[in-house]
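Per-entry structural report
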Amino acid sequence: MPSAGPAVETNSKGPRLAVCVEDLSKDYALGDERVVALANVSLNIEKGVFLALAGPSGSGKSTLLNMIGCIDTPSRGRVFINGQDVSGRTPDQLAGLRARTIGFVFQTFNLFPVLTAEENVEYPLHHVDEIGRRERRERVRHFLHVVGLTNYARHRPNQLSGGQRQRVAIARALVAHPEIVLADEPTANLDHRTGRNILRLMRRINRETKVTFIFSTHDPQVIRMADRRVDLEDGQIVRLGVRARSDWRYAFDRARDGDDA
Ligand code: ADP
Ligand code: MG
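All of the points below concern the structure found in this document. As the structure is a prediction and not an experimental result, all values here were calculated from the model.

If you tally the helices and strands in the protein chain, you get eight helices and eleven strands. Over its C-alpha atoms the protein chain spans a radius of gyration of 18 Å, differing by no more than 12% from the 18 Å that the globule rule assigns to 261 residues. If you line up the protein chain on its principal axes, its C-alpha atoms span 55 × 40 × 40 Å. Burial statistics for the protein chain: of 261 residues in total, 40% are counted as buried. Long-range pairs, those at least 24 residues apart, make up 70% of the contacts in the protein chain with a sequence separation of at least 6.

See below:
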């Protein structure tokens, strides 16, 4: 099985893996046709990595992120999050797991327009019962500080720039102390420089907190900032790269190794 990190035991769903995907496929019915969005994808993602899911539009990036994020269910195959098989879970169980384990960042920010920055950041905590009001406020304050928006707490999204909105979204993704942050093309709606700054912020948080970041992109400049890369084409993994200084070392490269992963 291809691994996005140094060698790990193939059948270990163990403590070192944030995500383990086993022979995952996803088809969509589109009228009479069947669209294959993912075909037999297997992948291990170690905890704490900063990983880019790279590939052109339509290659399956969002589909894979949605399976890892338990937003969508596979047609075949299994997904393990923190060693737990999430395949047979009920929607309620999945919602609970998501709220505690996974933070999401979206291409279009997806903030509530009527809520202020701090209310947007606080929102996911309403789904976690055991966190009281004081702790909630403390976390919101802390994460607005982490993303550099302390002075914008009372602003609504339409009073913020694109980059600031994405910072709010990052604070919101972190506020429940997730182990994994999934970001689907987080820089696609930002200009180049702002996008780079958002990636730098995410990478700094990754280094400081050890939260695993998995983000999708088709932008070579953004891929360059990752320390692992998984390249998708037509719903299949075609390359697995580990950063080696300023270049990539490919643990798997279909063009080099053939289909025999
Ligand atoms: P990416 O995020 O890399 O652009 P997607 O994961 O969105 O790719 O899509 C992968 C493939 O699956 C594409 O061919 C897309 O058209 C198809 N697809 C995605 N979602 C659906 C859906 N809900 N219904 C039908 N086809 C879909
Ligand atoms: Mg997509």
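Now that the structure is up, let's keep going.
Let's shift gears to the sheet that holds strand E4 (residues 76-81). Within the open sheet, the four strands sit side by side as E2-E1-E4-E5. Their pairing is antiparallel. Each edge of the open sheet carries a strand with a single partner, namely strand E2 (33-46) and strand E5 (84-85). Sheet topology note: the E4/E5 ladder contains two bridges and is antiparallel. The residue bridging Phe80 from the neighbouring strand is Asp85, located in E5.

What follows deals with the site of ligand 1. Tyr28, Leu30, Val35, Ala37, Gly55, Ser57, Gly58, Ser59, Gly60, Lys61, Ser62 and Thr63 make up every residue found near ligand 1. Only strand E1 (17-30), E2 and helix H1 (61-68) provide two or more residues apiece to the shell around ligand 1. The biggest single contributor to the shell around ligand 1 is H1, with three residues. Taken together, the residues that form the shell around ligand 1 break down as four nonpolar, seven polar and one charged.

The nonpolar side chains of a soluble globular protein tend to be buried with one another. Core analysis: the largest hydrophobic core is formed by 64 residues, its most contacted members being Leu51, Leu53 and Ile214. When near neighbours in sequence (up to four residues on either side) are disregarded, Ile214 contacts Ile45, Leu51, Leu53, Leu65, Ile68, Ile180 and Leu182.

Attention shifts here to the environment of Asp191. By the secondary structure assignment, Asp191 is in the loop between strand E7 (180-184) and helix H6 (192-209). Judged by C-beta crowding, with 12 C-beta atoms within 10 Å, Asp191 ranks as exposed. In sequence terms Asp191 and Gly163 are 28 residues apart; their C-alpha atoms lie 8.6 Å from each other.

It is worth spelling out the environment of Glu119 at this point. Tracing the sequence through the fold places Glu119 in helix H3 (residues 117-122). Taking the number of C-beta atoms within 10 Å as the measure of exposure, Glu119 has 17 and is therefore partly exposed. Distance in space between the C-alpha atoms of Glu119 and Asp234 is 39 Å, their sequence separation being 115 residues.

Time to look at the environment of Glu233. Here Glu233 is to be found in strand E9 (residues 228-233). Counting along the chain gives 179 residues from Glu233 to Ala54, while the straight-line C-alpha distance between them is 8.8 Å. Once you skip the residues sitting within four places of it in the chain, Glu233 turns out to touch Gly55, Ser59 and Val238.

The end-to-end C-alpha distance of H6 is 26 Å, a good match for the 26 Å that 18 residues give at a rise of 1.5 Å each. What H6 keeps buried is the set Gly195, Ile198, Leu199, Met202 and Ile205. The buried residues of H6 occupy an angular sector of 120 degrees when the element is viewed end-on, so they sit on one face. Away from its buried face by more than 90 degrees, H6 exposes His192, Arg193, Arg200, Arg204, Arg207 and Glu208.

Okay, the pairing of strand E11 (residues 247-253) next. Inspection of the sheet shows strand E10 (residues 236-244) paired to E11 by six bridges, in the antiparallel sense. Bridging across to E11, Arg243 finds its partner in Trp248. Between E10 and E11, which pair antiparallel and follow one another directly, the connecting turn spans two residues, one of which, Arg245, has a positive phi of 55 degrees.

Taken in spatial order, the seven strands make up an open sheet running E6-E7-E8-E3-E9-E10-E11, and their pairing is mixed. Each edge of the open sheet carries a strand with a single partner, namely strand E6 (102-105) and E11. Shown here is a sheet whose adjacent strand axes are inclined to one another by a mean of 20 degrees, direction ignored. Along the sheet face, helix H5 (residues 162-174) touches E6 and E7 and points at about 170 degrees away from the line of E6.

Reading guide: rules and limits
- Residues numbered from 1 in each chain as written.
- Chains lettered and ligands numbered in written order.
- Predicted model: local features only at pLDDT ≥ 70, side-chain atom pairs only at ≥ 80, totals over all residues.
- Helix = DSSP H or I, 4+ residues; strand = E, 2+ residues; numbered from the N terminus.
- Rg over C-alpha atoms; globule rule 2.2 N^0.38 Å.
- Buried ≥ 20, exposed ≤ 12 C-beta atoms within 10 Å, placed from the backbone.
- Contact = placed C-beta atoms within 7 Å.
- Pairing = 2+ DSSP bridges.
- Near = placed C-beta within 6 Å.
- Nonpolar A, V, L, I, M, F, W, Y, C, P; charged D, E, K, R; others polar.
- Core = buried A, V, L, I, M, F, W, Y, C linked by C-beta atoms within 7 Å.
- Expected span 1.5 Å × (residues − 1).
- Arc of directions from axis to C-beta.
- Axes fitted to C-alpha atoms, helices over the stretch in contact; angles between N-to-C directions.

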